[in-house]
Amino acid sequence: MTSPESLDVLRRVFGYDAFRDGQREIVDHVVGGGDALVLMPTGGGKSLCYQIPSLVRKGTGIVISPLIALMQDQVDALRTLGVRAGFLNSTQDFEERRVTEAQLVAGELDLLYLAPERLRLPATVELLDRADVALFAIDEAHCVSQWGHDFRPDYLMLSGLHERWPDVPRIALTATATDATRREIASRLQLEDAHHFVASFDRPNIQYRIEPKTDAKRQLLRLLQTEHKGDAGIVYCLSRNSVEKHAAFLTENGIEAVPYHAGLDAETRASNQARFLREDGLVVVATIAFGMGIDKPDVRFVAHLDLPKSVEGYYQETGRAGRDGQPSTAWLAYGLQDVVNLRKMIDGGEGDPAFRRRQAAHLDSMLALCETVECRRVQLLNYFGQSGEPCGNCDTCLTPPESWDATVAAQKVLSVIVRLDRERRQKFGAGHIIDILLGKKSAKVIQFDHDSLKPFGVGAELRETEWRGVVRQLLAQGLIAVESNHGTLLQTDASADVLRGERKVMMRREPDRPATKPAKAAKDRKAPAADLPAEAQPIFERLRAWRAATAKEQGVPAYVIFHDATLREIATALPASLTELGRVNGVGENKLAKYGEQVLETLSSPEEGQ
Ligand code: ADP
Ligand code: ZN
């Protein structure tokens, strides 16, 4: 049974009608004093799982979070809701910290955000001893996992919370959730006996699309211009250089975009991040250093221009799209060179053999996702140990790819590789192999006399891009390997079976020109208002303009005032009184008091109406 108090807080403070899947059980458990390990996808609604218990239980909820740069925004958002929140981290001066500490000890805080490294200080431990602690929430709990991609040494100390404060419930939360990671989190944080809550990892509003990379810039531009005009989004690239290049390219083409990577100074990074959070419709081009903990709800697309290194990483990054539940796109373009580069990086990289094997396994899963002819979502869910039905909202469901018997093509590629293997000192990449198959007398072909090889010119049945697709898929299937020094393509143990005709090779057929707008689901969407009834659109725009002005005035991100989804509901429901406005999802008591009159005024203001 949900305590009536929790539901009351959800409605009164947050303005939401009902708990989402899983939230209610978690809240009840923690309110009752139980420990919990929560696995929920990005955007699933983890924050409420500790915020509501912190408000319902006596004392202050302590939230451990590595996201120092976002604490101010998180606290601002809570204060707008009327929650008494504060934070302690290294960005504050002594006086600011002193004030917050005094509030904590005086019992004047519902929630306190704390950087993990502060727990190393004896003074912090003493401070917490003097306070009345309602619970410990360990956010981004995968940071405790040594093999994960976000390991933070300070997180290891969190195992001590339990010993020091045995009676305070702990709730650890993460969106990274294979079985192995989960076991590691549980053991390191001593949460083996805690209740494990595993939510569905499906994000039905996100449309997953993966296409072969032909001309990454043009493909990206087409996506943004035809489907995401005026939308906020994130474009991920592997290198700093590529980040800079693509941000400039988008800007030149009339799409406002800013770069974000570790090579920029801290001030530029902070200001670009702040602009992304505060402004409507800005694009950030970034390395994966960007985005953790960014809870901007209206990110409409996440685009990857390079192949992510693991499905976990990919899922976490794409999960930043569409937290508000509105339709969003996760789009990835990847090509042969991506596979070559990553394989080289792993084989020639740092770390012991076991670590490299793990990385190779991660890459194989990622490639399997890219090359599948089945539903992407089903494959993703399977990866996280969950099952699903073909979703109807991914590229393979919308335009089912054909698979074809590529055994003969594979044999042709392999026969060239076998022959080149005899001249191993030279570097022969995919381009050279394809030239030989196509019978092209390139300078290199002539130099090495490769026009006299038996397979020279045997590949006229496919075009160059198609051969690149074949080579890429052979790499993905482990039927050829990459030599780590030069990137030369080599046979593998499995190649022999193919050459002998003992193994059939099936491949995904490359579309001539990848469908950028698969079927009906992604109609020309311009602004986020496009799916509103026509008469509501100007009202929605008016509300947005009011929100932008108010946000600017108060120095907070627009979504802290109201989400798009809330403005949309207001624009269609047209509440005539404060009571009616208070029934709209996302309008809590505090926001009603603060903004209610202004919203009603905006609704009735005639000047821009029709
Ligand atoms: P996570 O931390 O799991 O990525 P958040 O806690 O940031 O997700 O929640 C994602 C979004 O969903 C937020 O904008 C939040 O306000 C909204 N949300 C969470 N729970 C509910 C609910 N019960 N009803 C409506 N919106 C919700
Ligand atoms: Zn699908």
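What counts and what doesn't
Within any chain, residue numbers begin from 1 and follow the written order of that chain's sequence. Think of it this way: whatever chain is written first is A, whatever ligand is written first is 1, and the rest follow in order. In view of the model being predicted, local features appear only for residues whose pLDDT reaches at least 70, and side-chain atom pairs are presented and counted only at 80 or more, with totals across whole chains, interfaces and linings using the full set of residues. Processing note: side-chain calculations cover all non-hydrogen atoms of the structure and skip hydrogens and water entirely. Throughout, the term near means that a residue has one or more heavy atoms lying within 4 Å of the molecule or strand in question. For the purposes of these results, a polar contact is taken to be a pair of N or O atoms within 3.5 Å, where, inside protein, one atom must be able to donate a hydrogen and its partner to accept one; residues adjacent in sequence count only when each atom of the pair is a side-chain atom. Accessible areas in this description were obtained via Shrake-Rupley with a 1.4 Å probe; residue shielding takes into account the shown protein chains only. Counting from the N terminus, the helices are DSSP H or I runs at least four residues long and the strands are E runs at least two residues long. Think of it in three bands: residues with accessible area under 20% of the maximum for their type are buried, residues over 50% are exposed, and the middle band is partly exposed, with areas taken using a 1.4 Å probe on protein chains only. Metal sites are built from N, O and S donor atoms within 2.8 Å, or 3.2 Å for Na, K and Ca, and they leave out water, so they may look incomplete. Between 85 and 135 degrees for all angles marks four donors as tetrahedral; over 155 degrees for opposite donors together with 65 to 115 for all other angles marks four donors as square planar and six as octahedral; every other arrangement is irregular. UniProt positions are given in the numbering used here, feature names are shortened, and annotations may be inferred rather than shown by experiment. Being paired, for any two strands, means DSSP has found at least two bridges between them. Convention adopted: a line fitted to C-alpha atoms gives each axis, helices being fitted over their contacting stretch, and angles between N-to-C directions are expressed from 0 to 180 degrees. Between 30 and 60 degrees the pair is tilted, below 30 it is stacked and above 60 it is edge-to-face, where a pair is any two Phe, Tyr or Trp rings, Trp via its six-membered ring, whose centres lie within 6.5 Å. The arc refers to the directions leading from the helix axis to the C-beta atoms. Here is the rule for handedness: rotate from the far helix to the near one, and if that takes an anticlockwise turn smaller than a right angle the crossing is left-handed, while a clockwise turn gives right-handed. The criterion used for residue contact is that any of the two residues' heavy atoms lie within 4.5 Å. Ten residue types, Ala, Val, Leu, Ile, Met, Phe, Trp, Tyr, Cys and Pro, are classed as nonpolar, four, Asp, Glu, Lys and Arg, as charged, and the remainder, Gly among them, as polar. In the sections that follow, a salt bridge refers to a side-chain nitrogen of Lys or Arg positioned within 4 Å of a carboxyl oxygen of Asp or Glu. Looking at any residue, its pLDDT shows the predictor's confidence there, from 0 to 100.

Novice: What should I look at first to understand the site of ligand 1 in this one?
Specialist: Close to ligand 1 lie 15 residues, the nearest being Tyr16, Gly43, Lys46, Ser47 and Arg323. Side-chain polar atom of tyrosine 16 to an oxygen atom of ligand 1: 2.6 Å apart, as the coordinates give it. Here arginine 323 contributes a side-chain N or O atom positioned 2.8 Å from an oxygen atom of ligand 1. Expressed as a share of its isolated accessible area of 560 Å², the protein-covered part of ligand 1 is 86%.

Novice: Where do I start with the environment of aspartate 231 in this structure?
Specialist: Looking at the element boundaries, aspartate 231 is found in the loop between helix 9 (216-227) and strand 9 (232-236). By relative accessible area, aspartate 231 is classed as buried at 2%. For the pair aspartate 231 and isoleucine 255, spaced 24 residues apart in sequence, the C-alpha to C-alpha distance is 9.7 Å. Among the polar contacts listed, one links the side chain of aspartate 231 to the side chain of histidine 228, at a separation of 2.9 Å.

Novice: How do you make sense of the coordination of the zinc ion (ligand 2) when you look at a structure like this?
Specialist: Tetrahedral coordination by four donors sets the ideal angle at the metal to 109.5 degrees; octahedral coordination by six donors sets it to 90 or 180 degrees. Listed as protein donors to the zinc ion (ligand 2) are Cys375 (SG), Cys391 (SG), Cys394 (SG) and Cys397 (SG); their distances from the metal cover 2.3 to 2.4 Å. Taken together, the four donor atoms surrounding the zinc ion (ligand 2) define angles of 102 to 119° at the centre, an arrangement classified as tetrahedral. Between consecutive donor residues of the zinc ion (ligand 2), the sequence gaps follow C-x15-C-x2-C-x2-C. Placement of the pair is cysteine 375 in the loop between helix 14 (353-371) and helix 15 (376-383) and cysteine 397 in helix 16 (residues 395-398), with a sequence separation of 22 residues. Taking relative accessible area as the criterion, cysteine 375 reaches 6% and is therefore assigned buried. Accessibility expressed as a relative area gives 23% for cysteine 397, which makes it partly exposed.

Novice: Help me understand the UniProt feature "domain: Helicase C-terminal" (unreviewed entry) in the protein, please; the structure alone is not making it clear to me.
Specialist: Within the UniProt annotation, "domain: Helicase C-terminal" (unreviewed entry) is assigned to residues 216-370. As annotated, residues 216-370 has a helix share of 49% and a strand share of 17%, and its two end C-alpha atoms lie 16 Å apart.

Novice: What's the story with the sheet that holds strand 1 (residues 36-39) in this structure? I'm lost.
Specialist: Adjacent strands of a sheet pair through backbone hydrogen bonds, lying either parallel or antiparallel. Judged by pairing direction, the sheet is parallel, and its seven strands sit side by side in the order 3-4-2-5-6-1-7 without closing on themselves. Every interior strand has two partners, whereas the edge strands, strand 3 (85-88) and strand 7 (195-198), have only one. Within this sheet the neighbouring strands show an average axis-to-axis angle of 20°, counted without direction. Note that strand 1 and strand 6 (residues 170-174) share four bridges and pair parallel. Residue pairing for strand 6: leucine 39 is matched across the bridge by threonine 174.

Novice: Would you mind going over the sheet that holds strand 13 (residues 328-334) with me for this structure?
Specialist: The strand order across the open sheet formed by six strands is 8-13-12-9-11-10, and the pairing between neighbours is parallel. If you trace the sheet from one side to the other, it starts and ends with strand 8 (206-212) and strand 10 (257-260), each paired once. Across this sheet, the average inter-strand angle for adjacent strands is 15°, counted without regard to direction. With seven bridges joining them, strand 8 and strand 13 adopt parallel strand pairing. Residue pairing for strand 13: glutamine 207 is matched across the bridge by threonine 329.

Novice: Help me understand unusual backbone geometry, please; the structure alone is not making it clear to me.
Specialist: Peptide bonds are trans in most cases, and residues, glycine excluded, mostly fall at negative phi. Residue glutamine 190 is not a glycine yet carries a positive backbone phi of 50°. With respect to the secondary-structure elements, glutamine 190 resides in the loop between helix 8 (179-188) and strand 7. Positive phi, close to 65°, is recorded for aspartate 449, a residue that is not glycine. Relative to the helices and strands, aspartate 449 resides in the loop between helix 19 (443-447) and helix 20 (464-476).

Novice: Just to check I follow, could you spell out the packing of aromatic side chains for this structure?
Specialist: Think of a pair of aromatic rings as described by two things: how far the centres are apart, and how the planes are tilted against each other in angle. All told, the structure shown has 11 aromatic pairs when counted by the stated rule. Consider the rings of tyrosine 208 and tyrosine 315, whose centres lie 6.2 Å apart with planes at 20°: the pair is stacked. One end of the pair, tyrosine 208, is in strand 8; the other, tyrosine 315, is in helix 12 (residues 311-318), and 107 residues separate them in sequence. Ring centres of tyrosine 315 and phenylalanine 384 lie 5.1 Å apart, and the angle between their planes is 45°; on these two criteria the pair is classed as tilted. Of this pair, tyrosine 315 sits in helix 12 while phenylalanine 384 sits in the loop between helix 15 and helix 16; the two residues are 69 residues apart in sequence, bridging distant segments of the chain. One aromatic cluster in this structure is built from Phe201, Tyr208, Tyr315, Tyr383 and Phe384.

Novice: Explain helix 6 (residues 122-130) here, please?
Specialist: Three or four residues apart is the spacing at which side chains of an α-helix point the same way, because the helix has 3.6 residues per turn. All of the buried residues in helix 6 are Thr124, Val125, Leu127 and Leu128. Buried residues of helix 6, viewed axially, fall in a sector of 160°; they line one side. With respect to the buried face of helix 6, the exposed residues turned more than 90 degrees away are Pro122, Ala123 and Arg130.

Novice: What's the story with the environment of threonine 268 in this structure? I'm lost.
Specialist: Mapped onto the elements of the fold, threonine 268 is located in helix 11 (residues 266-278). When the C-alpha atoms of threonine 268 and leucine 67 are compared, they prove to be 17 Å apart, with 201 residues separating the residues in sequence. Here the side chain of threonine 268 touches aspartate 265 through a polar contact of 2.9 Å, side chain to side chain.

Novice: Would you mind going over the side chain of histidine 228 with me for this structure?
Specialist: Looking at the element boundaries, histidine 228 is found in the loop between helix 9 and strand 9. For histidine 228, a relative accessible area of 4% gives the class buried.

Novice: Help me understand the packing of helix 13 (residues 336-347) against helix 20 in this model?
Specialist: Relative placement of two packed helices is described by the angle separating their axes and the distance separating the axes. Between helix 13 and helix 20, the least distance of the axes is 9 Å, while the angle of their chain directions is 35°. Classified by chirality, the crossing of helix 20 by helix 13 is left-handed. Side by side, helix 13 and helix 20 meet where Leu336, Gln337, Val339, Val340 and Arg343 of the first sit next to Arg468, Val471, Arg472, Leu475 and Ala476 of the second. Its residues assigned to classes, the contact of helix 13 with helix 20 shows six nonpolar, one polar and three charged.

Novice: Got a minute to help me understand the pattern of salt bridges in this structure?
Specialist: If charged atoms from side chains of opposite charge come close, those side chains can pair. Scanning the model with the defined rule gives 33 salt bridges in all. A salt bridge links arginine 84 to aspartate 110; the nearest nitrogen and oxygen atoms lie 3.0 Å apart. Here aspartate 110 lies in the loop between helix 5 (94-105) and strand 4 (111-114) and arginine 84 lies in the loop between helix 4 (68-80) and strand 3, a separation of 26 residues in the sequence. Judged by its relative accessible area of 42%, arginine 84 is partly exposed.

Novice: Mind showing me how you'd approach the confidence of the model for the protein here?
Specialist: Detailed reading of predicted coordinates is not advised where the pLDDT is low. Of the residues in the protein, 94% have a pLDDT of 70 or more, and the chain-wide mean is 89. The low-confidence segment residues 516-529, where pLDDT is below 50, has 39 contacts with residues more than four positions distant or belonging to other chains.

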